[in-house]
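The primary structure of each chain is shown beneath.
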Amino acid sequence: MIIPVANVTGQYNHLITRILNEIGVKSELVPISITKEELEKMGADGLVMGGGPQRISEEWDKLGNLPNIIEEMKIPMFGICLTHQLISIVFGGKAGQAKSPEYGPVKIFIDNKDQLLEGFGDNFTAWETHNDEIKLLPKDFENLAHSEKCKFQVIRHKTKPIFGTQFHPEVIHTENGRLIFENFVKVCKNE
Amino acid sequence: MRMMQQLSGDIMNDVKAFIQKQCDEIRHTVNNEKALIAVSGGVDSTTCAMLTHKAMGNNLQCIFIDTGFMRLNEPKRVESFFNGLNLPFKIIDAQQKFLEAIKGIEDAEEKRKRFRMIFYKTLGETAKNTGCKFLIQGTIAPDWIETKGGIKTQHNVLDQIGINPKVQFGFNLIEPLAYLYKDQVRDVARELKIKTDFSERQPFPGPGLLVRVVGKVTKEKLDIEKRATTVVEENFTGDQYFAAIIDDEVEKNNKIPRTVAKFFDKEKISIDVKVSKNNVTGVKGDLRAYKKLALLTVKSDSNLFKPPIKKLVELQVDIISNNHDFTRVAYNVTETPRNGKYIILLRSVTTRDFMSTGVTEIPWNVLIKTANKIMEDNKEVSAVYYDVTPKPPATVEYE
């Protein structure tokens, strides 16, 4: 199983490869300039996209080829924080400055367990660090979880295996964060 | 050069193989030339020295640069530890050089950059004098991630940000641990049979107490910081715990008390929020946030109100979320009416890998005992606060 991580230059991008390695997946950081052909050539079974310091509304040019990849590729994809917002924009939603940014521990309330949140209870504490947020969810997507200050914490495409989380499941302080990656790996294995 | 690029996860499965592979690569790279390693007595550089010594024996020279920003008695402790290991070890006293270089400088990044310059100049001279062509460093993943991301300048990160150590300082760099996190380094340390009082000791930043003496550094401020650190180390628990010192130059804030009042929703409490003149380092949405520190005092019937630490962390989330200029919140543990020059901040964090940290729930009686002891020992201190900010939005260290 090979799942590369798009390096969007956030603090935790490298940490995602560590977690995937620990759950038995081959993973490495790849640049955001990576193409569909290159991902196919390396035999990627899925793609995780990390977070980054770019502001979603003003810094499109700093997200490389990711918008094209999200739109065109058929493999399962999982965007975290900034790339969670990016996914919504690619499919026709909106994202911008959050009214109440969240940093550190935030309680997440689950509305729909779905594949990514399988095995979770009704709520859990997750670690956040975001200045922007999704403002409008694309019509092909559904929202799976929210927090008190942020409506779209976990999203998925209604028919395609494309997911996003606003919080960071890769940091050790997010309760059961690893389970989210295990669930995503299951999706990639088509289990 | 960095080694073993993608195997950070694999080492959990096979630490022995990791050590073997790194030793082979080090031998191959240095090819019987001499190498220098800068050790601080911390987990990373000690582990790195042991690993490299295993690979190249006494062609490795260990150097301890006494920057003057070490904890009390630390140079002696490190010397006797390395002598016990039979590793070639030398102390270089550079205290004056460092103190002069950062004299009068207030900005955190400028302090770190000047520290880095003196640090490598000293190493470069030593490498030249001892005929060493290589410098071995115990850089680990969070070091280059934070420096490259512009969060803060770690003193040991060079080639990852485009500084060529060969051209600028005269040596080639080898970083065998560059893709590991702290807990993985400890796995390597255990496998190398490093004594547990060193392998399990809490991390200590490369620039040492420099980054805990917030703002301008003076000898008096540094000495108080050293004494306060000793008291914290004797009383606290956590994955990392220490004291920091700021100037008692504060102004009143009138907006934050409204958030605090709403949060506690309690009658008969008085709320006072002061803002430190010294900025402190944080990280918000993957961006460096060198911003304000809120010092919070809540009294109930004229006694300090002592809610569970967990509650204070929740309150902190509300405060930072609604006040974009702030990156940290600390809560009053003890104060005196006397006019002191400084305020001490106590910090203790919980973590695995230092990429994210929580706030340790130190019992109130321990907080008060520690704070009182610091106040007794240092008449120039007017108050002691406990930092209740996780990472993010704060970083572990203050600068």
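Residues numbered from 1 in each chain as written. Chains lettered and ligands numbered in written order. Predicted model: local features only at pLDDT ≥ 70, side-chain atom pairs only at ≥ 80, totals over all residues.

(A) Main features of the overall build of chain A. Secondary structure assignment for chain A yields 5 helices and 9 strands. Overall, chain A shows an N-to-C arrangement of helices and strands of β-α-β-α-β-α-β-α-β-β-β-β-β-α. In terms of overall size, chain A behaves like a compact globule, its C-alpha atoms giving a radius of gyration of 15 Å where 191 residues would be expected to give roughly 16 Å. Taking the principal axes of its C-alpha atoms as reference, chain A extends roughly 40 × 35 × 30 Å. A total of 191 residues make up chain A; the buried ones form 53% of that total. Restricting to contacts in chain A with at least 6 residues of sequence separation, those with at least 24 account for 71%. (Helix = DSSP H or I, 4+ residues; strand = E, 2+ residues; numbered from the N terminus. Rg over C-alpha atoms; globule rule 2.2 N^0.38 Å. Buried ≥ 20, exposed ≤ 12 C-beta atoms within 10 Å, placed from the backbone. Contact = placed C-beta atoms within 7 Å.)

(B) The overall build of chain B, seen in detail. When you go through chain B residue by residue, the secondary structure sums to 13 helices and 15 strands. Computed over C-alpha atoms, the radius of gyration of chain B comes to 22 Å, within 12% of the 21 Å expected from 2.2 N^0.38 for 399 residues, which places it in the range of a compact globule. By principal-axis analysis of the C-alpha atoms, chain B measures approximately 75 × 45 × 35 Å. The buried share of chain B, reckoned over its 399 residues, is 49%.

(C) Fine view of the sheet that holds strand 7 (residues 141-146) of chain A. Residue and element names in this part refer to chain A. Pairing is mixed in the open sheet, where 9 strands are placed in the order 2-1-3-4-9-8-7-5-6. Edge positions in the open sheet fall to strand 2 (29-31) and strand 6 (123-136), since each of these has one partner strand only. Within this sheet the neighbouring strands show an average axis-to-axis angle of 25 degrees, counted without direction. With respect to the sheet, helix 1 (residues 13-22) is in contact with strand 1 (5-7), strand 2 and strand 3 (47-49), its orientation differing from that of strand 1 by roughly 165 degrees. (Pairing = 2+ DSSP bridges. Axes fitted to C-alpha atoms, helices over the stretch in contact; angles between N-to-C directions.)

(D) Structural view of the domain arrangement of chain B. Under the domain assignment, chain B is made up of domain 1 (10-204) and domain 2 (212-387). Computed over C-alpha atoms, the centres of domain 1 of chain B and domain 2 of chain B are 31 Å apart. (Domains from an automatic or database assignment.)

(E) A look at the interface of chain A and chain B. With 28 residues of chain A in contact, the opposing surface of chain B contributes 27 residues. For the side of chain A that touches chain B, the secondary structure elements donating two or more residues are helix 1, strand 5 (94-110) and strand 6 of chain A. Classifying every residue of the side of chain A that touches chain B gives 9 nonpolar, 14 polar and 5 charged. (Nonpolar A, V, L, I, M, F, W, Y, C, P; charged D, E, K, R; others polar.)

(F) Focus on the nonpolar core. All names here are of chain B. Core analysis: the biggest nonpolar cluster contains 168 residues, and I37, I344, L346 and Y385 have the highest contact counts within it. In terms of residue count, the dominant contributor to this core is helix 2 (residues 43-56) (7 residues). Each of two domains, domain 1 (10-204) and domain 2 (212-387), supplies a minimum of three residues to this core. Setting aside chain neighbours within four positions, we find I344 in contact with A228, A243, I245, I374, V381 and V384. (Core = buried A, V, L, I, M, F, W, Y, C linked by C-beta atoms within 7 Å.)

(G) Summary view of the environment of N235(B). Residues and elements named next belong to chain B. Tracing the backbone shows N235 in helix 10 (residues 219-235). Between the alpha carbons of N235 and I362 there is a distance of 9.8 Å; along the sequence they are 127 residues apart. The contacts of N235, once residues within four sequence positions are left out, are V366, K369 and T370.

(H) View of the pairing of strand 2 (residues 60-66) of chain B. Residue and element names in this part refer to chain B. Among the 7 residues that make up strand 2, 5 are buried, leaving the element largely enclosed by the rest of the structure. Pairing geometry for strand 1 (residues 34-38) and strand 2, over 4 bridges, is parallel. Bridge pairing in strand 2 places A35 opposite L60. A crossover connection joins strand 1 to the parallel strand 2 through helix 2; in handedness this β-α-β unit is right-handed. Here strand 2 pairs with strand 3 (residues 89-93) via 5 bridges, running parallel. In the strand pairing of strand 3, I63 is matched with K90. Taken together, strand 2, helix 3 (residues 74-85) and strand 3 constitute a β-α-β crossover, and its handedness is right-handed. (Right-handed = clockwise from strand over helix to strand, strands pointing away.)

(I) Molecular detail of the packing of helix 1 (residues 15-30) of chain B against helix 2 of chain B. Residues and elements named next belong to chain B. At a minimum axis distance of 8 Å, the contact between helix 1 and helix 2 shows a crossing angle of 60 degrees. With respect to their mutual orientation, helix 1 and helix 2 come out oblique. In terms of crossing hand, the pair formed by helix 1 and helix 2 is right-handed. Of helix 2, the residues touching helix 1 (which contributes I19, Q22, C23, I26, R27 and V30) are L51, T52, K54, A55 and M56. Of the residues that constitute the contact of helix 1 with helix 2, the class distribution is 7 nonpolar, 2 polar and 2 charged. (Parallel < 35°, antiparallel > 145°, perpendicular 65-115°, else oblique. Left-handed = near helix turned anticlockwise from the far one by under 90°.)

(J) Representation of unusual backbone geometry within the structure. Residue K391(B) is joined to P392(B) through a cis peptide bond whose omega torsion reads -15 degrees. Within the element layout of this structure, P392(B) appears in the segment after strand 15 (381-387). Between P392(B) and the following residue, P393(B), the backbone shows a cis peptide bond with an omega angle of 10 degrees. Its location among the elements puts P393(B) in the segment after strand 15. Positive phi outside glycine occurs at D114(A), with the angle close to 45 degrees. Along the chain, the position of D114(A) falls in the loop between strand 5 and strand 6.

(K) Region of interest: the sheet that holds strand 1 of chain B. Residues and elements named next belong to chain B. Spatial strand order, 3-2-1-4-5: 5 strands in an open sheet with parallel pairing. With one partner strand each, in any of the chains shown, strand 3 and strand 5 (172-174) form the two edges of the open sheet. Recorded for the sheet is a direction-independent mean angle of 30 degrees between the axes of neighbouring strands.

(L) Looking closely at the packing of helix 11 (residues 256-264) of chain B against helix 12 (residues 309-322) of chain B. Residue and element names in this part refer to chain B. Running from N to C, helix 11 and helix 12 cross one another at 145 degrees; their axes reach a closest spacing of 10 Å. Helix 11 and helix 12 meet at a crossing whose hand is right-handed. Here helix 11 contributes I256, T259, V260 and F263 to the contact with helix 12, which in turn contributes L315, D318, I319 and N322. Classifying every residue of the contact of helix 11 with helix 12 by side-chain character gives 5 nonpolar, 2 polar and 1 charged.

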